[in-house]
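# Secondary and tertiary structure notes
Letter by letter, the chains look like this.
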Amino acid sequence: MTSTAATTTETGQRNRRWVGRTPAGIALVMLMVATACAPAVTTRYFDYHRVRVIDAQENGFFEDGDEMILATISFRTKPGIAGSTQVWFNNGSLDKAATSLEDGDVKTIPNSKGLYVFDDVKAVTLADIQAGERPELIGHIVIGIENDHTPRDLVKDALEDARDQLRTELVNIIEPLDLLELLNDPAALSDELAAAAMRVEDAAVPDLLRKIEIFISSFGNPDDILSSNLLFFVAVDRSLAPFVEPAFANLPPTMYGGAFPFDEPRKIDLTFEDHETEYVVETYIGDGDQGFSPPTTQPPIDDPCFPSTNQPFISEDGIIQCP
Ligand SMILES: [Ca+2]
Ligand SMILES: [Ca+2]
Ligand SMILES: [Ca+2]
Ligand SMILES: [Ca+2]
């Protein structure tokens, strides 16, 4: 199967280009005569909501479990608009998002540690684009860390260097992108966008790891740097979403993107692993500033009384129940 897929890649890409060009082009023309609906300037969130511990590292009898940090660098940029890039490191993301993590644990990350809000995000319409506006590309690089004794300032310094480098890459890679080309021929540009994302991550992450490793080599029990993920979403109107989505179809694993979701938040399971450690962080991308709210019908994970705080008890027939 793998070899078949490999040998047909070339043809597949050519087909997708052809397919992408024709119906998308026609539909785009049809859209141009359609009336644009509901202009929306809104708030969007990235919510690192809950961690599932696949493999904890501090699992021994005398150990107190893992401490997970999700270090984030945020960015906003507009393809095709010189000078539009903003990048910042979230200092608060060096607080521990979850502690005492043991194998099999499922823990909700408090919003104070996992919720990020982007204000004034405009869902750009085709009419806006024709008038010269460009939609924003908004995202995070998020790096998993199992926290030990590396001084926080050293990690912060390394991440600020990574932020500066990410900014340079976005200015060089994203600002010159031609978005109209992307909308007219998303399949052809999908590979290009994936390659751009790879260059962004390649620029920011290995350098960060190198810096941290140099910093920490003199300390007894350094933080363990896990893998990273890249999230980037485009702020377009609902009618343009189908044209944007295909451009994100070929992203490599650990990179996720598309049009910002409508109606329901989009759930992504992010994996952070290395150093015999693996966490899956259930992440939601959505509308508003409240983050993801689990419905009360959400199945309980390891607490049969969830979401109530009642203590479960074992009934006479051996079934765990809630009072
Ligand atoms: Ca949350
Ligand atoms: Ca510990
Ligand atoms: Ca450790
Ligand atoms: Ca630790």
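Residues numbered from 1 in each chain as written. Chains lettered and ligands numbered in written order. Predicted model: local features only at pLDDT ≥ 70, side-chain atom pairs only at ≥ 80, totals over all residues.

Turning next to the overall build of the chain. Broken down by element type, the chain carries eight helices and 13 strands. Across the 323 residues of the chain, 35% fall into the buried class. (Helix = DSSP H or I, 4+ residues; strand = E, 2+ residues; numbered from the N terminus. Buried ≥ 20, exposed ≤ 12 C-beta atoms within 10 Å, placed from the backbone.)

Structurally, Ala158 can be placed in helix α5 (residues 152-173). Among the residues examined, Ala158 registers 25 C-beta atoms within 10 Å and is labelled buried. In this structure the C-alpha to C-alpha distance between Ala158 and Ile212, which are 54 residues apart in sequence, comes to 6.4 Å.

In the predicted model, the chain carries a mean pLDDT of 81, and 79% of its residues have values of at least 70. Across the chain, strand β4 (residues 98-101) holds the top mean pLDDT of 97, while helix α1 (residues 2-7) sits lowest at 39. The low-confidence segment residues 32-36, where pLDDT is below 50, has five contacts with residues more than four positions distant or belonging to other chains. Low pLDDT, under 50, characterises residues 296-301; the stretch is placed with four contacts to residues that sit more than four places away or in other chains. (pLDDT = per-residue confidence, 0-100. Contact = placed C-beta atoms within 7 Å.)

The phi angle at Asp263 is positive, at roughly 65°, despite the residue not being glycine. Along the polypeptide, Asp263 turns up in the loop between β9 (255-259) and β10 (266-274). Judged by local crowding, Asp263 falls into the exposed class, with 7 C-beta atoms found within 10 Å. Of note in the backbone geometry, Glu276 takes a positive phi value of approximately 55° without being a glycine. Following the sequence through the fold, Glu276 ends up in the loop between β10 and β11 (277-287).

Right, let's talk about α5 for a bit. Every α-helix carries 3.6 residues per turn, so stepping three or four residues along brings you back to the same face. With 22 residues, α5 ought to run about 32 Å at 1.5 Å a step, and its terminal C-alpha atoms sit 31 Å apart, in line with that. Those residues of α5 that fall on the buried side of the exposure criterion are Val155, Ala158, Leu159, Ala162, Leu166, Glu169, Leu170 and Ile173. Here the buried residues of α5 occupy an arc of 115° about the axis, which is enough to place them on one side. (Expected span 1.5 Å × (residues − 1). Arc of directions from axis to C-beta.)

Among the ten residues that make up strand β7 (residues 137-146), ten are buried, leaving the element largely enclosed by the rest of the structure. Both faces of β7 are covered, namely the face carrying Leu137, Gly139, Ile141, Ile143 and Ile145 and the face carrying Ile138, His140, Val142, Gly144 and Glu146. Bridge count for strand β2 (residues 66-77) against β7 is ten bridges, and the pairing is antiparallel. By the bridge assignment for β7, Phe75 is matched with Gly139. By the bridge criterion, nine bridges tie β7 to strand β8 (residues 224-234) in an arrangement that is antiparallel. Looking at β8, one finds that Leu137 is bridged to Val234. (Pairing = 2+ DSSP bridges.)

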